[in-house]
Protein chains: 2
Amino acid sequence: MATYSTLSQPSKLLFRQLFEKESSTYTYLLADVLHPSKPAVLIDPVDKTVDRDLSLIQELGLKLVYAINTHVHADHVTGTGLIKSKVPDVKSIISRASGATADLYVEHGDKVSFGDLFLEVRATPGHTVGCVTYVTGDASDHLQPRMAFTGDALLIRGCGRTDFQGGSSEKLYKSVHSQIFTLPKDTLLYPAHDYRGFTVSTVGEELQYNSRLTKDEETFKNIMENLNLPYPKMIDMAVPANMVCGIQSKPT
Amino acid sequence: MATYSTLSQPSKLLFRQLFEKESSTYTYLLADVLHPSKPAVLIDPVDKTVDRDLSLIQELGLKLVYAINTHVHADHVTGTGLIKSKVPDVKSIISRASGATADLYVEHGDKVSFGDLFLEVRATPGHTVGCVTYVTGDASDHLQPRMAFTGDALLIRGCGRTDFQGGSSEKLYKSVHSQIFTLPKDTLLYPAHDYRGFTVSTVGEELQYNSRLTKDEETFKNIMENLNLPYPKMIDMAVPANMVCGIQSKPT
Ligand SMILES: [Fe+2]
Ligand SMILES: [Fe+2]
């Protein structure tokens, strides 16, 4: 069993997990605090909590560089557009495969750098066609264990649905097994959502206890095809908005 | 500015933050995973999430030793009684000053040991008469920075109310300034609640940005006397239950 290790000496990486209660979304703040400008990135910000996030960033003396999405969300509106309207220097990032509009597009194998740290981009389609997982670097000056921000590709003991937005249970199974479960067992997994109050898991834990992805591929596909989930409440509003960073008509 | 540092090599301390959405309560799981029996403690478990917590503990291969409360909660029923009924070896812990019934009582200066790790008890009355803060040890084999589990004595950018349960704004001010703000600035602060989606703060941050406790004592007392908060919804049910570990008639 990989264990969740913990907090060490003051280090480069400042990390904060933030929660939006209505959609049970986690937003993640990462910054290189040993770099003179303290550059920071936000992963999966939510429109409703942008002011909270920006005031925390200001209090911590960070400079927000990138507002990043793991995918085009269907359950909430991304905060990236609103952030850009409030802090014009910030660039939005999403995968090219998502088909969404952003300032910068990433692909499998790319690195998103902030200061001397970076996030590695791993394509993990299946929940949506353009889902990516961002993984902290494994260079010797990065912190161990690594952290993976999995969006809805892998949730704690579960995974995102595969019946909308170019979803595919077959692709999701391959993505998680080839791109996430191959990370070291102590890699910390930070999903875009949790509905039961969990905040983190590890690769080792999910390899052993994920209720869906521990199954063989056929069983997994069967599970995903028989979830009988209701039509996503927010999808008709959220997806068009999130295709353009959450703001349909630009404020300027 | 003290910064939130982050994750190091596999270490003794396994740490998990868990959230109960209805009362916005954080429960904390800590374990010494290098000790053969992997002894664990739960701080501020909630009755509604006991099954979640116990199944996580089981999956992680931990042995729950203590179910600990920071104080007699007024907004939710503690999970300690239910945990004891399901795992009879677990001992409940609360401060002697709380007046509540538990298996073990702690006082200022005591240590709560699990494996080779321990929590130091600091009396921080003011929100209730028996509030304590549990602080991870500062011995060389403990992890740095330290972590303080503050209950409702200190919340992120705020604090608990002082108008019930033997509360006193004067005492709370003294408690936080003498027992929490004197910890190293990089000490991680983990409160019993957060209502805005924050998960952690630091002593340095609260020294600079706490909206109440950065004020002088007179201003603080004034703020606390003029909050005009509604009567606590759950208090008449929760407090009597929490005085006896959450279970009024013992199951055995
Ligand atoms: Fe999604
Ligand atoms: Fe309380």
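Residues numbered from 1 in each chain as written. Chains lettered and ligands numbered in written order. Predicted model: local features only at pLDDT ≥ 70, side-chain atom pairs only at ≥ 80, totals over all residues. Heavy atoms only, no water.

We now examine the overall build of chain A. Each helix and strand counted, chain A has six helices and twelve strands in total. In summary, chain A has a C-alpha radius of gyration of 17 Å against a globular reference of 18 Å for 252 residues, a match within 12%. Among the 252 residues that make up chain A, the fraction classed as buried is 61%. Accessible surface, chain A as shown: approximately 9600 Å² in total, 52% of it carbon and sulfur. (Helix = DSSP H or I, 4+ residues; strand = E, 2+ residues; numbered from the N terminus. Rg over C-alpha atoms; globule rule 2.2 N^0.38 Å. Buried < 20%, exposed > 50% of the residue type's maximum accessible area, 1.4 Å probe, protein only. Areas by Shrake-Rupley, 256 points an atom, 1.4 Å probe, with all protein chains shown as cover.)

Residue and element names in this part refer to chain A. Residue position: Phe164 is located in the loop between strand S10 (147-151) and helix H3 (169-180). A relative accessible area of 25% places Phe164 in the partly exposed class. Ignoring sequence-local partners within four residues, the contact set of Phe164 consists of His127, Tyr231, Pro232 and Ile235. (Contact = heavy atoms within 4.5 Å.)

What follows deals with the environment of Leu34(A). Residue and element names in this part refer to chain A. Looking at the secondary structure, you find Leu34 in the loop between strand S2 (25-32) and strand S3 (39-43). Here Leu34 falls in the exposed class, since its relative accessible area comes to 61%. Distance from Leu34 to Lys12, taken between C-alpha atoms, is 5.2 Å for residues 22 residues apart in sequence.

Tracing the backbone shows Arg16(A) in strand S1 (residues 13-20). With a relative accessible area of 2%, Arg16(A) lands in the buried category.

Take the coordination of the iron ion (ligand 1) next. All names here are of chain A. Looking at the metal site, the iron ion (ligand 1) is ligated by His71 (NE2), His127 (NE2) and Asp152 (OD), spaced 2.1 to 2.3 Å from it. All donor residues of the iron ion (ligand 1) come from one chain, and their arrangement in sequence is H-x55-H-x24-D. One end of the pair, His71, is in the loop between strand S4 (63-68) and helix H2 (80-86); the other, Asp152, is in the loop between S10 and H3, and 81 residues separate them in sequence. By relative accessible area, His71 is classed as buried at 2%. (Donors = N, O, S within 2.8 Å, 3.2 Å for Na, K, Ca; no water.)

Okay, the packing of aromatic side chains next. Residue and element names in this part refer to chain B. The tally for this structure, following the rule as stated, stands at 21 aromatic pairs over all chains. Between Phe15 and Tyr28 the ring centres are 6.1 Å apart and the planes differ by 10 degrees, which places this aromatic pair in the stacked class. One end of the pair, Phe15, is in strand S1 (residues 13-20); the other, Tyr28, is in strand S2 (residues 25-32), with 13 residues separating them in the sequence. An angle of 40 degrees between the planes, with centres 6.2 Å apart, marks the rings of Tyr26 and Tyr28 as tilted. Since its relative accessible area comes to 1%, Tyr28 is described here as buried. (Phe/Tyr/Trp six-rings, centres within 6.5 Å; stacked < 30°, edge-to-face > 60°.)

On to the coordination of the iron ion (ligand 2), then. Residue and element names in this part refer to chain B. Of the protein atoms, only His71 (NE2), His127 (NE2) and Asp152 (OD) coordinate the iron ion (ligand 2), at distances of 2.1 to 2.3 Å. Of note, the iron ion (ligand 2) draws all its donor residues from one chain, in the sequence arrangement H-x55-H-x24-D. Placement of His71 in the loop between strand S4 (63-68) and helix H2 (80-86) and of His127 in the loop between strand S8 (117-123) and strand S9 (132-136) is noted, with a sequence separation of 56 residues between them. No difference in accessibility class separates His71 from His127, as the two residues are buried.

All names here are of chain A. Of the positions making up helix H5 (residues 217-225), those classed as buried are Phe220, Lys221 and Met224. The buried residues of H5 all sit within an arc of 95 degrees when viewed along its axis, so they share a single face. For H5, the secondary structure elements touched by its buried residues are H3. Near the N-terminus of H5, the side chain that reaches the backbone nitrogen of Glu218, with its oxygen 3.1 Å away, is that of Asp216. (Arc of directions from axis to C-beta. Polar contact = N/O pair within 3.5 Å; in protein donor to acceptor, adjacent residues only side chain to side chain.)

The subject of this paragraph is the confidence of the model for chain A. For residues with low pLDDT, the predicted coordinates do not support detailed interpretation. On average, chain A scores 93 in pLDDT, and the residues at 70 or more come to 93%. Confidence over residues 1-10 of chain A falls short of pLDDT 50; this stretch has 54 contacts with residues more than four positions distant or in other chains. (pLDDT = per-residue confidence, 0-100.)

Quick look at the pairing of S1(B) now. Residue and element names in this part refer to chain B. Among the eight residues in S1, eight count as buried, and that is most of the element. A two-sided burial pattern is seen for S1, the buried positions comprising Leu13, Phe15, Gln17 and Phe19 on one face and Leu14, Arg16, Leu18 and Glu20 on the other. Judged from the eight bridges that link them, S1 and S2 form a sheet pairing that is antiparallel. Of the residues in S2, the one forming a bridge with Gln17 is Tyr28. Between S1 and S2, which follow one another and run antiparallel, lie four residues, and Ser24 among them has a positive phi close to 50 degrees. (Pairing = 2+ DSSP bridges.)

Okay, the packing of H3(A) against H5(A) next. Residue and element names in this part refer to chain A. Close contact between H3 and H5 brings their axes to 9 Å; oriented N to C, the two are set at 130 degrees. Between H3 and H5, the angle is such that the two are oblique. Seen from above, H3 lies across H5 with right-handed handedness. Along the contact surface, H3 presents Ser169, Glu170, Leu172, Tyr173 and Lys174, while H5 presents Glu217, Phe220, Lys221, Met224 and Glu225. (Axes fitted to C-alpha atoms, helices over the stretch in contact; angles between N-to-C directions. Parallel < 35°, antiparallel > 145°, perpendicular 65-115°, else oblique. Left-handed = near helix turned anticlockwise from the far one by under 90°.)

Residues and elements named next belong to chain B. Relative to the assigned elements, Glu217 resides in helix H5 (residues 217-225). When the C-alpha atoms of Glu217 and Ala100 are compared, they prove to be 30 Å apart, with 117 residues separating the residues in sequence. Contact partners of Glu217, with chain neighbours within four places excluded, come to Glu170, Tyr173 and Lys174.

The next thing to look at is the pairing of S10(A). Residue and element names in this part refer to chain A. Extensive coverage of S10 is indicated by the burial of five of its five residues. Sheet topology note: the strand S9 (residues 132-136)/S10 ladder contains two bridges and is antiparallel. Paired with Tyr134 across the strands is Phe149, a residue of S10. As paired strands, S10 and strand S11 (residues 188-191) are joined by four bridges and run parallel to one another. Note on S11: the bridge partner recorded for Met147 is Leu188. Handedness of the β-α-β unit built from S10, H3 and S11 comes out right-handed. (Right-handed = clockwise from strand over helix to strand, strands pointing away.)

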